[in-house]
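Read off the chains here:
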Amino acid sequence: MEMPSSLLAICGGRVFVENAIVIEAPVHENCHWNIQTQEDRILVITALSGNLKEAQEFLTIHDGSGKDSPILIVENQKIHERSRKDLPEAVYTTQSTASIRFKKAPTSNLQLKIQKAVDCPFNLGGESQCGRVVDEITCYCATFTRRNHSSQTTYCYNNNMKLLTLETYEKEQAIKTAWTGGIYFWTSLTDAQQEGEYIWESTNTNLYPGYANWSRSQPTNVDDEDCIVFYSAMSGRLYDSPCSNINDAICQAIP
Ligand SMILES: *[C@@H]1O[C@H](CO)[C@@H](O)[C@H](O)[C@H]1NC(C)=O
Ligand SMILES: *[C@@H]1O[C@H](CO)[C@@H](O)[C@H](O)[C@H]1NC(C)=O
Ligand SMILES: [Ca+2]
Ligand SMILES: [Ca+2]
């Protein structure tokens, strides 16, 4: 992950957020920041040092950069049902721009971290659950309608997401913690192109030499098993399986 560039004690201005920036609270009053990220992404604001709720005494965060853009408040932020409970307090915009207006200079050290994030949908219907299950910038949705691998790929795509990738132990654990209980979820891992050459289709990356946590004696490739499910239980791991099997799935959106 790229280190956020830090804007030290500058009084306001225009900034484009490639991935993340850090704003140090200004020492002057009336500092005004206009912040923008990629058009189809949103912004998430957290406090690196200091407390975001208390910071509302010194500044207002606006959804958009217009003069009349509404003020965003920590308390009013929607919490996605499956989100991690240990994520920092955050404010999300609904669009790619935000503005921050300091009414007065904070009395103690305050650093705001502003990151590019993806929107997390609430409206996928009763058969699905979404949340910030890994970190504050990504979004994951589980669908509990069982479909074959290609239909689940399409389902994710139709909702502006992609089928799951599991590139690290930490991510695997976070997914497991969010949706435990022995559920088979389709992932985007497949060796359909060439037997034994596993590719995370959603990111077009080879499985090897990356993190690969197969269940014991998997992959087996009996009956042409070219799609991979993740068994979500505390001891759960990967199994290869026929692509025509029907399973639940997890979709992901990554900024
Ligand atoms: C694979 O997953 C199991 C079950 O969560 C875990 O105990 C094990 O440490 C993981 N393996 C690796 C190589 O991380
Ligand atoms: C997957 O399911 C869809 C919809 O039911 C069906 O049209 C398609 O043929 C299936 N594909 C495979 C590989 O089973
Ligand atoms: Ca195979
Ligand atoms: Ca198998």
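Shown above is the structure to which this text applies.
Reading the values: rules and limits
- Residues numbered from 1 in each chain as written.
- Chains lettered and ligands numbered in written order.
- Predicted model: local features only at pLDDT ≥ 70, side-chain atom pairs only at ≥ 80, totals over all residues.
- Heavy atoms only, no water.
- Near = heavy atom within 4 Å.
- Polar contact = N/O pair within 3.5 Å; in protein donor to acceptor, adjacent residues only side chain to side chain.
- Areas by Shrake-Rupley, 256 points an atom, 1.4 Å probe, with all protein chains shown as cover.
- Salt bridge = Lys/Arg side-chain N within 4 Å of Asp/Glu carboxyl O.
- Buried < 20%, exposed > 50% of the residue type's maximum accessible area, 1.4 Å probe, protein only.
- Core = buried A, V, L, I, M, F, W, Y, C linked by side-chain atoms within 4.5 Å.
- Helix = DSSP H or I, 4+ residues; strand = E, 2+ residues; numbered from the N terminus.
- Contact = heavy atoms within 4.5 Å.

Draft legend 1. Structural view of the site of ligand 2. Neighbouring residues of ligand 2: N148, S151 and S244. One nitrogen or oxygen atom from the side chain of N148 is found 2.2 Å from an oxygen atom belonging to ligand 2. Measuring from an oxygen atom of ligand 2, one finds a side-chain N or O atom of S151 at 3.2 Å. The protein chains hide 31% of the 360 Å² of surface that ligand 2 would expose on its own.

Draft legend 2. Local environment of the pattern of salt bridges. In this structure the tally under the stated criterion is four salt bridges. Taking the shortest distance from any N to any O, the salt bridge between D40 and R41 comes out at 3.3 Å. Look at D40 and you get exposed, because its relative accessible area is 55%. The partner of R84 in a salt bridge is D86, and the shortest N-O contact between them spans 2.8 Å. With a relative accessible area of 53%, D86 lands in the exposed category.

Draft legend 3. Seen up close, the nonpolar core. Ranked by size, the top nonpolar core spans 24 residues in total, and within it I35, I100, L112 and I114 carry the most contacts. Mapped by element, the contributors of at least two residues to this core are β2 (13-17), β3 (20-24), β4 (32-37), β5 (42-49), α1 (52-55), β6 (59-63), β9 (97-102) and β10 (111-117). Beyond its immediate sequence surroundings of up to four residues, I114 is in contact with V17, N19, A20, I21, I23, I35, L43, V44, I45 and I100. Counting 21 residues, the second-largest nonpolar core is a separate cluster that includes V133, L166, W179 and I183.

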